[in-house]
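Listed below, chain by chain, are the residues.
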Amino acid sequence: MRIAVLGPLEVHTQTGAPVEIAGVRLRMLLARLALEAGRPVSAELLIDDLWGEDAPAGAAAALQGLVSRLRRALGDAGGVELVAGGYRLTVRREDVDAHRFEDLAAQGRREAPAQAAVTLDAALGLWRGAALTDLQDAPFARTVAAGLHERRRDVATDLFQVELELGRPAEVLPRLGALAAEHPLSERLAGLRMQALAATGRQSDALAVYEEIRGRLGDELGVDPGAALKELHLALLRGEMEQPAKRAETVAPNRLPAQLTSFVGRDAELAQLAALLDANRLVTVVGPGGAGKTRLVLEAARVARQRVWFVSLAAVSDPDHLADAVVAALNASDGRLYEGGHTTLDRVVELLDVGDAVMLLDNCEHLVDAAAELANQLLTRLPRLRVLATSREPLAITGEALCHLGPLEVPRDSVEPEEAARAAAVRLFVDRAATVRPGFALDESTVDHVVEICWRLDGMPLALELAAAKLRSMSVDQIARRLDDRFRLLSSGSRSALPRQRTLLAVVEWSWDLLEEPERVLARRLATFPGGATTAALEAVCADGTLPARDIFYVLDALVEKSIAGRSGDRYRMLETVRAYALTRQEGDDIGERFCRYYRDLAEEHDPLLRTRDQLAAIAVFDAEHDNLAHALRLAVDAGDTATAERFVGAMFWYWGMSGMTAQFETYLRYGGALPQQARTAFGVVRASMDVDSAGAREFHPARPLMRMTQLAHATEESDLLEALDSPDPWIRASAHWAKDFLLTEEGDLRSGAASRRAALEGFEAVGDRWGLVLSLLPLGRDHSLRREHGPAIAAFERAVVLSSELGVEDYLYLSRARLARERRRSGDIDGALRDIRAAQRRARERGHRRMEVNILVGLANVHRLAGDLAQADRTLDELEALVRRGAIPEPLARDLIVSTRLENRLAEGDVTPAAALLPEAVASLVAQGYSAGLAWAAELLAGLLALRDRPGDAAAALGMSEVIRGEFDHGEPELRALADRLTVRLGDEGYAEAFRRGAGTPRPDAIARVVALATG
């Protein structure tokens, strides 16, 4: 949908149809959420912004009611989601006119005058009146509107300035005068009026404008005009104010190196650089070799409004020759001969003294001291000169602003081609690949390899261009497979490039050779940390006699300054290519033992916190350090240190279980022979607990790690469970209650476990374990759902969603969202179910979690079926099967649910033959998994087919068997209720009740066996 707030609030669908939003408070809520452009707003802030001090009693409930009304009013046009941070409107930034206005304004400020005039005019054209004019009673509206109007005035002023530069003073004057009358104290508007009047020959009027604003400033504010306005006044008195068009004609065109390839993927950095250059006289673009610093500044210069000189220092090796190299470059671009009689610096100043101008100093890192001194001298002597430099470290002089240039954006794993193509790194690789191999395209056959290349090469432009060049002789999958030997692979760049930019090795060696010896020592040791490191970790692991701990912080600072390491928060890390090079230089830097010991102790310190209120902080530590922890475990196993390996398994087991990790264990398992039996057992249990190849397991038993934990602790004996139930540790008691309930549930006894379900929830609540709370809420929500208590069920699943979001455990977040959407569907809220499913699907695709789409798409198919759209339900399953065929989702993960859901579609359609064909496979799979809910589902599917075969008595008995298998009949499923109603019509009330009791009275093992026999027979 599209939302307009620059005037009265208006809402339209993407096709242009208006959407009616009735009610002032509802319109306030929509406008407030739209202003966040898809970001969440907390309930507390929304209450303050909608009601202020007049918030009603029960404001939270009132807000929930407003959100529900807004969801209904928007319908298919959009939705409001409940997320961890509050409520968010599912709208893109470009679909809200206020944000589109801001984006166009920023774009116009960095464009050349002709294009800027068009862009800025388009930004102003979005306004239809006063912002939020019909919502001024909202507590938030006046402040927001005031800010928007201030930016509107700034954009209008920018447009006037651009039009003056284009030589349009007469056209500008009327509008400029009107805006100046509205803002009589604006010095910038007064200055533009003076320029416009002077350009049309009205010098006396221009002087009158100055006298007017000087008087106002003195009378109303007690201040004098600023320096810029005074300088303009003096120029006017001296007759020096030329027409802007005339000045533009006298400026020689920029002479910049021509570019042979397109500019890809740096739009945000280009905008940032333009803003920095507008506000500062010295800007240095800093970043590692191969980041594209030169290309960025050349693109920025291409659209500059001033005279630009480009000076490359790459070929200058002696700092004493720096000024001579600058003179040579300036003479070449200026077309004038060197004139003697002055110092070299004087000559540089003379050549650059042409008014507003920019000098690009490219590749300063090997001459950084001399380049800094030259820049400082020029900026001091030429007040209208700006310097834009590129370097791998800052020039470090007063007034310098930095533009940090890092890797290009890379996509997440396992994405579709159209999603991967949005990432800048992929776009660059594909663009360069197409020039080397015409016809190369990003499609299903290439996307995984291209994404891997972008990840492995850190999204660094030069490395990606070198990799794309290898397509002359290799396929994209061959390149991806050989990146472990990246320096040998990427060894043939452009012959016209500088020697240090022709190969990947040369790029890194150039940076390495600029380091001092202590910096090289720490860089080699930092390379041991695949996940980066905190200062504390580096001081504990890397310090020795050659590198004291007290020096590490300062050496780290030098590595960051020289773009060898980067800093994010409290963590320092290297680009993978730089790290790969540093690892080759590690002879004599054996810190493996200290590394293992540090991370073993870290894991053992934080493991107990995973089961307390400090859980989120502990998870954050494990998340941040996981790559280092895994590497330390591998080092311990490789060294044959079985004691350390066992301690690692014990300390990391619970984190692995909570996080749902799988692939990492394959590496460890192959070392099992080197470990004692206890460690091999631990590895085997961990692997089994993480097995996600069974869709049914994930659907019907989300707490596999907890079950496996009890197995590992040998707590499966009844005496052990009883002992755990009486443990003094509240977390163990809560876990034991959960385990007891799970065992009873899987035996078809829901009633006996009810007290344990409540005790588990209360216990996990007491210790603050969000993960345990999610596990406890899911069965409690199920209980309400089975009893057709949709309100409490939805509340339980909503809380599980919020807790899972806080935890950041994706498996449980998707499972909780799937249960929530399923419950909304069962309650008849089809729109709400679709909203939750689409929110989960967006998250899965944005984060590359394709395997999570199994439950998402199956849930979507169920919604379509219940809504009566069987064709769309089948198409959704077709989409899921297509993902399986492409390898985006493992087949065992999806096949079971696809078959069972297709069977439900055929039953709804009343088509006996295909339903009968699908039933044996569906039931066999559900029985093989052995979970109680799945076994009951098998009985329900059988009942549906028996009803179609005109066997109403057997169908009713099958529904009775579903009750004895699960422990309770599913009264909350509308399709089952409809089936029971149809059977009652056929059999009569007594006949149906008798047949149902016959099935429900069957012993549970016999009921399961009979379901199998009837399904396969």
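> What's the story with the overall build of the protein chain in this structure? I'm lost.
Along the backbone of the protein chain there are 49 helices and twelve strands. When each of the 1017 residues of the protein chain is scored for burial, the buried share is 53%. Within the protein chain, contacts between residues at least 6 apart in sequence are counted, and of these 68% link residues at least 24 apart. Put simply, the protein chain shows about 43,800 Å² of open surface, and 50% of that area lies on carbon and sulfur atoms.

> Help me out: how do you make sense of the side chain of Glu-904 in this one?
With respect to the helices and strands, Glu-904 occurs in helix H44 (residues 891-909). You can call Glu-904 buried: its relative accessible area is 18%. Side chain to side chain, Glu-904 and Trp-937 meet in a polar contact 3.1 Å long. Ignoring sequence-local partners within four residues, the contact set of Glu-904 consists of Asn-862, Arg-865, Trp-937 and Leu-941.

> How do you make sense of unusual backbone geometry when you look at a structure like this?
Leave glycine aside and you will find that most residues have negative phi; peptide bonds, for their part, are mostly trans. Of note in this structure, Leu-132 is not a glycine but carries a positive phi near 50°. When you line up the elements, Leu-132 lands in the loop between helix H5 (113-124) and helix H6 (141-165). The class for Leu-132 is buried, based on a relative accessible area of 1%. A positive phi is found at Asp-950, a non-glycine position, where the angle reads about 60°. Locating Asp-950 in the fold gives a position in the loop between helix H46 (932-948) and helix H47 (952-966). Relative accessible area serves as the criterion here: at 47%, Asp-950 is assigned to the partly exposed category.

> What is the right way to look at the sheet that holds strand E7 (residues 357-362) in this model?
Within a beta sheet, neighbouring strands are joined by backbone hydrogen bonds and run either parallel or antiparallel to one another. The sheet built from five strands is open, its strands ordered E6-E7-E8-E5-E9 with parallel pairing. Unpaired on one side and paired on the other, strand E6 (307-312) and strand E9 (400-404) mark the two borders of the sheet. Neighbour to neighbour, the strand axes of the sheet diverge by 20° on average, direction disregarded. Note: E6 against E7, six bridges, orientation parallel. Pairing of Ser-312 across the sheet is with Asp-362, part of E7. Helix H16 (residues 368-381) rests against strand E5 (282-286), E7 and strand E8 (385-391) of the sheet, and its axis sits at about 165° to E8.

> Please clarify how H46 should be interpreted in this entry.
Every α-helical turn comprises 3.6 residues, leaving residues that sit three or four positions apart pointing alike. Taking 1.5 Å of rise per residue, 17 residues should cover 24 Å, and H46 covers 25 Å from first to last C-alpha, within 8% of that figure. Immediately beyond the C-terminal end of H46, within one or two residues, lies Asp-950, with a positive phi of roughly 60°.

> Sorry, what's going on with the confidence of the model for the protein chain here?
Here the protein chain averages 82 in pLDDT, and 88% of its residues register 70 or above. Between the elements of the protein chain, mean pLDDT differs from a low of 36, seen in helix H33 (residues 695-700), to a high of 95, seen in H47. Under a pLDDT of 50 for its full length, residues 243-253 has, in the predicted model, eleven contacts with residues more than four places off or in other chains. Confidence drops under pLDDT 50 across residues 662-683; counting only partners more than four residues distant or on other chains, this segment forms 33 contacts.

> Whenever I open this one, a nonpolar patch on the surface confuses me. Can you help?
A cluster of nonpolar side chains, Leu-185, Leu-221 and Val-223, forms an exposed patch at the surface whose accessible area comes to about 230 Å². Among the structural elements, Leu-185 can be located in the loop between helix H7 (169-182) and helix H8 (187-199). By relative accessible area, Leu-185 is classed as partly exposed at 30%.

> Even after reading the chapter, I still don't get the environment of Ala-582, so can you show me in this structure?
Following the sequence through the fold, Ala-582 ends up in helix H27 (residues 576-583). On the basis of relative accessibility, which here comes to 0%, the residue Ala-582 falls in the buried class. Residues Ala-582 and Glu-509, spaced 73 residues apart in sequence, show a C-alpha to C-alpha distance of 9.9 Å.

> Hey, could you run me through the packing of aromatic side chains in this one?
Two numbers describe a pair of aromatic rings. These are the distance of the centres and the angle of the planes. All told, the structure shown has 14 aromatic pairs when counted by the stated rule. Ring centres of Phe-529 and Tyr-599 lie 6.2 Å apart, and the angle between their planes is 70°; on these two criteria the pair is classed as edge-to-face. Taken together, the residues span a long stretch of sequence, with Phe-529 in the loop between helix H24 (517-526) and strand E10 (533-534) and Tyr-599 in helix H28 (residues 592-606) at a distance of 70 residues. Per residue, the accessibility class of Phe-529 equals that of Tyr-599, and both read buried. When the centroid spacing of 4.9 Å and the interplanar angle of 15° are considered together, the rings of Phe-622 and Tyr-655 count as stacked. In this pair, Phe-622 is assigned in helix H29 (residues 615-638) and Tyr-655 in helix H30 (residues 642-659), connecting sequence segments 33 residues apart. Tyr-655 matches Phe-622 in its accessibility class, with the two residues each being buried. What links up through ring pairs into an aromatic cluster is the set Phe-529, Phe-595, Tyr-598 and Tyr-599.

> Help me out: how do you make sense of the pairing of E5 in this one?
On a regular strand, one side chain projects to one face of the sheet and the next to the other, so that they alternate. In terms of residue burial, E5 counts as a mostly covered element, since five of its five residues are buried. Here E5 shows a buried face lined by Leu-282, Thr-284 and Val-286 and a second buried face lined by Val-283 and Val-285. In the sheet, E5 pairs with E8 via five bridges, with the strands oriented parallel. Looking at E8, one finds that Val-286 is bridged to Ser-391. For E5 and E9, the ladder comprises five bridges, and the chain directions are parallel.

> Can you walk me through helix H40 (residues 810-827) in this structure?
With 18 residues, H40 should reach 26 Å at 1.5 Å per residue; the first-to-last C-alpha distance of 26 Å fits that figure. Taken across its 18 residues, H40 has 15 buried, putting it largely inside the fold. Once H40 ends, the next one or two residues include Gly-828, with phi positive near 100°.

> Help me out: how do you make sense of the sheet that holds strand E11 (residues 566-568) in this one?
Reading across from one edge, E10-E12-E11 is the order of the three strands in this open sheet, with antiparallel pairing throughout. Both edges of this open sheet fall to E10 and E11, since each of them pairs with a single strand only. Alignment of E10 against strand E12 (residues 571-573), held across two bridges, turns out to be antiparallel. Within E12, the residue paired with Thr-534 across the bridge is Arg-571.

> What should I look at first to understand the nonpolar core in this one?
As a rule of thumb, soluble globular proteins bury nonpolar side chains together. Formed by 143 residues in total, the largest nonpolar core has its most connected members in Leu-273, Leu-360, Leu-388, Phe-429, Ile-453, Phe-529 and Tyr-599. Looking at which element gives the most residues to this core, the answer is H30, with nine residues. Excluding anything up to four places from it in sequence, Leu-273 contacts Val-283, Val-285, Leu-296, Val-297, Ala-300, Leu-388 and Cys-403. The next biggest cluster of nonpolar side chains, apart from the first, holds 79 residues, and it includes Val-11, Val-80, Ala-180 and Ala-198.

Cut-offs and rules
- Residues numbered from 1 in each chain as written.
- Predicted model: local features only at pLDDT ≥ 70, side-chain atom pairs only at ≥ 80, totals over all residues.
- Heavy atoms only, no water.
- Helix = DSSP H or I, 4+ residues; strand = E, 2+ residues; numbered from the N terminus.
- Buried < 20%, exposed > 50% of the residue type's maximum accessible area, 1.4 Å probe, protein only.
- Contact = heavy atoms within 4.5 Å.
- Areas by Shrake-Rupley, 256 points an atom, 1.4 Å probe, with all protein chains shown as cover.
- Polar contact = N/O pair within 3.5 Å; in protein donor to acceptor, adjacent residues only side chain to side chain.
- Pairing = 2+ DSSP bridges.
- Axes fitted to C-alpha atoms, helices over the stretch in contact; angles between N-to-C directions.
- Expected span 1.5 Å × (residues − 1).
- pLDDT = per-residue confidence, 0-100.
- Patch = residues over 30% accessible without salt bridge, like charges linked within 9 Å, V, L, I, M, F, W, Y side chains within 5 Å.
- Salt bridge = Lys/Arg side-chain N within 4 Å of Asp/Glu carboxyl O.
- Phe/Tyr/Trp six-rings, centres within 6.5 Å; stacked < 30°, edge-to-face > 60°.
- Core = buried A, V, L, I, M, F, W, Y, C linked by side-chain atoms within 4.5 Å.

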